[in-house]
Amino acid sequence: MHRRIFVKSLVFLIASFPLKISSFSNKKLISFDFSVASGDPTNTHVILWTKITPSKKKKYSVRWEVSSDISFTNIIVEGMSITGNQKNYVVKVDAYIPQEYNGKRIYYRFISEGVISDTGITSTLPTRNPDQFNIAFCSCSNYPAGYFNAYKEMANDKEIDLVLHLGDYIYEYNRNGYASSDAKEMGRVVDPPNEIISLDDYRRRFATYRRDKDLQSLHRNKPMIAVWDDHEITNDAWKEGAQNHNFGEGSFSRRKKNALKAYYEWMPIRDTKQKQKIWRDFSVGNLINLLMLDTRLYGREKQLDISTYIKNGLLDKKQYKEDLYKPRDLLGKEQLNWLDNKVKKTYRWSIFGQQLLIGPKYLPSIFKSDEFNSSASSTSQQLAGEKLAINTDQWDGYPVERQKLYKIIAKSQANIVLAGDSHNSWFSNLYDDDENFVGVEIGAPAISSPSLKDSYGEFTEIIEKSFIEENDGLIWVNGSHKGYTSLAIHKDYIDVSYKYVSTVKSKDYRSLKPYTFRVEHNKPYT
């Protein structure tokens, strides 16, 4: 009797093994929730990135493969990486790409625990001069402010070879902070709910952004070269502090360290021992010398605070101007020396990827009107039409350093200075203090952050016109639309296209007709 029960029990137990084994095998031990990304392409290498979501806290082996075809029948390079909690489960590979595939489209993926990631598309930068090379650049992607429709457009643009992100890739504010009024309705509420300060905070905020399907698509389809601006840390940051780092938020140096650690974990950027020195250079044959700069964290001295020049409601313009034109670092001596060594006449075009508007953007006289100001003693009303910096966080707040930069880049054949930060589109000829032509400035619109129209509505067009009339060198400005800017770079000219989406408040949008300009080699736009 007991023997029969034992045998039956044994048979039942044995019969249950396949079911249990099958159930376990169907449960994924890891997932690639944040898809894949590539970045910092050189003529020989490219960074491949992914992040796994583990089921257990342990180390994982992750295989990576690069193929010349999307079906991965011709693997051209492969390897194995180990990741774990210490690396925040990030995998970042600086993959060598054989010369025979230089500048060609290649495909990559990751495999771990039997799970295969999405397939990414990337390439190295050409060593020979292409007939045309296409760069798109963007900035100011505020998740709660709107959908990343412009990212979707870039991801689907087959002409783009390389994407530059010029900063404000994430924003630091709390759940009810800047530009968050529509976030709940759009399903774009940020995590964590507080302003981000700790390492865990920054990691969670990056995770919020990187779950966005349009941003994932952009990273999956295009290699990206990125630099930070202030909001990757906190608003109006400088090397030892920030406007939005306040009492009770602890050490700024600790906060900055947390922010930079998270940035290097989440971005497809090449790791270095000195992480604050983000400036670096790239080349496309001798057609393009691409120089990515840091105007934010390493060398920048504190911005002038205009409010300290106001006495009894009146701005001391004389003292303000005197202090404004005192030497103060923005890039800093070390970066300027590096740049001096990197700017060369051998390249047809020198393109500078940096964060801030560099040409003068003085507040026009229209802002003297009471329609734009609540009182006659307001700072903007007193500075309107005065040819004095209204935004000391931009290059206008560092005019002596601006002239140093202009002197250095004058050594090149032709200069294009790219800018983000402002949330609006700008196109300017640049001149030094002696009225020598220096190059052309191209300022990108925001991906989603508020622009002029969000503040001034029906007055936007007249404000744009006033800026152009009262700022020497400024050719065109658009404060109405969100989007990105593309450059089709040829030997003798660059075709510039400002590409916009009709809205960021809905996924139901349309792409608008681009605004276009042709920049001739080493000539001001006319």
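Residues numbered from 1 in each chain as written. Predicted model: local features only at pLDDT ≥ 70, side-chain atom pairs only at ≥ 80, totals over all residues. Heavy atoms only, no water.

### Structural notes on the overall build of the chain
If you tally the helices and strands in the chain, you get 12 helices and 27 strands. In terms of overall dimensions, the chain is globule-like: its C-alpha atoms have a radius of gyration of 26 Å, near the 24 Å expected for 526 residues. Look at the contacts in the chain between residues 6 or more apart in sequence, and 71% of them connect residues 24 or more apart. Split by element, the accessible area of the chain, about 23400 Å² in all, is 50% carbon and sulfur. Taken together, the 74 basic and 65 acidic charged side chains of the chain have centroids lying 10 Å from each other. (Helix = DSSP H or I, 4+ residues; strand = E, 2+ residues; numbered from the N terminus. Rg over C-alpha atoms; globule rule 2.2 N^0.38 Å. Contact = heavy atoms within 4.5 Å. Areas by Shrake-Rupley, 256 points an atom, 1.4 Å probe, with all protein chains shown as cover. Lys, Arg positive; Asp, Glu negative; His and termini not counted. Charge placed at Lys NZ, Arg CZ, Asp CG, Glu CD.)

### Digging into helix 4 (residues 199-210)
One turn of the α-helix equals 3.6 residues, which is why residues spaced by three or four share an orientation. Here helix 4 spans 16 Å end to end across 12 residues, near enough to the 16 Å set by a 1.5 Å rise per residue. Within helix 4, 9 of the 12 residues are buried, which leaves the element mostly enclosed by the surrounding structure. Every buried residue belonging to helix 4 is among Asp-201, Tyr-202, Arg-203, Arg-205, Phe-206, Ala-207, Thr-208, Tyr-209 and Arg-210, and all of these are buried. Against strand 2 (36-39), strand 3 (45-51), helix 5 (213-221) and helix 6 (252-266) lie the buried residues of helix 4. (Expected span 1.5 Å × (residues − 1). Buried < 20%, exposed > 50% of the residue type's maximum accessible area, 1.4 Å probe, protein only.)

### Let's talk about the side chain of Ser-451
As for its position among the elements, Ser-451 is in the loop between strand 23 (437-443) and helix 11 (452-456). By relative accessible area, Ser-451 is classed as buried at 5%. Contacts of Ser-451, omitting those with residues within four sequence positions, involve His-423, Asn-424, Gly-479, Ser-480 and Lys-482.

### Focus: the pattern of salt bridges
Think of it this way: side chains of opposite charge can pair up when their charged atoms draw near. In this structure the tally under the stated criterion is 32 salt bridges. A salt bridge links Asp-271 to Lys-92, with the nearest nitrogen and oxygen atoms 3.4 Å apart. One end of the pair, Asp-271, is in the loop between helix 6 and strand 16 (280-284); the other, Lys-92, is in strand 7 (residues 90-96), with 179 residues separating them in the sequence. For Lys-505, the salt bridge identified is with Asp-182, shortest N-O distance 3.0 Å. (Salt bridge = Lys/Arg side-chain N within 4 Å of Asp/Glu carboxyl O.)

### Some words on the nonpolar core
In terms of nonpolar packing, the biggest core is built from 80 residues, with Met-154, Leu-164 and Ile-442 touching the most fellow members. Looking at this core element by element, the count peaks at 7 residues for helix 6. Here Met-154 is in contact with Ala-136, Cys-138, Ile-160, Val-163, Leu-218, Lys-222, Ile-447 and Tyr-484, once residues within four sequence places are set aside. Among the nonpolar cores identified, the runner-up in size contains 22 residues, and Val-36, Trp-64, Val-66 and Ile-106 belong to it. (Core = buried A, V, L, I, M, F, W, Y, C linked by side-chain atoms within 4.5 Å.)

### Digging into the packing of helix 8 (residues 333-342) against helix 10 (residues 399-409)
A pair of packed helices is captured by two measures, namely the crossing angle of their axes and the spacing between those axes. Interhelical geometry of helix 8 versus helix 10 gives an angle of 20 degrees and a closest axis separation of 10 Å. Taken together, the axes of helix 8 and helix 10 lie roughly parallel to each other. Handedness of the crossing formed by helix 8 with helix 10: right-handed. Taken together, the residues of helix 10 that come into contact with helix 8 (itself represented by Leu-336, Leu-339 and Asp-340) are Glu-401, Lys-404, Leu-405 and Ile-408. Tallied by class, the residues present in the contact of helix 8 with helix 10 amount to 4 nonpolar, no polar and 3 charged. (Axes fitted to C-alpha atoms, helices over the stretch in contact; angles between N-to-C directions. Parallel < 35°, antiparallel > 145°, perpendicular 65-115°, else oblique. Left-handed = near helix turned anticlockwise from the far one by under 90°. Nonpolar A, V, L, I, M, F, W, Y, C, P; charged D, E, K, R; others polar.)

### Examining the environment of Ser-378
Within the fold, Ser-378 resides in the loop between strand 20 (349-353) and helix 9 (379-383). Distance in space between the C-alpha atoms of Ser-378 and Ile-310 is 9.6 Å, their sequence separation being 68 residues.

### Some words on the confidence of the model for the chain
When pLDDT is averaged along the chain, the result is 94, and 94% of the positions lie at 70 or above. Residue range residues 1-26 is modelled with pLDDT below 50. Its contacts to residues more than four positions away, or to other chains, number 1 contact. (pLDDT = per-residue confidence, 0-100.)

### Some words on helix 8
What helix 8 keeps buried is the set Gln-335, Leu-336, Trp-338 and Leu-339. Looking straight down helix 8, one finds its buried side chains confined to an arc of 160 degrees; they lie on one side. The outward face of helix 8, more than 90 degrees from its buried face, is lined by the exposed residues Lys-333, Asn-337 and Asn-341. Those residues of helix 8 hidden inside the fold are in contact with strand 16, strand 17 (288-292), strand 20 and helix 10. (Arc of directions from axis to C-beta.)

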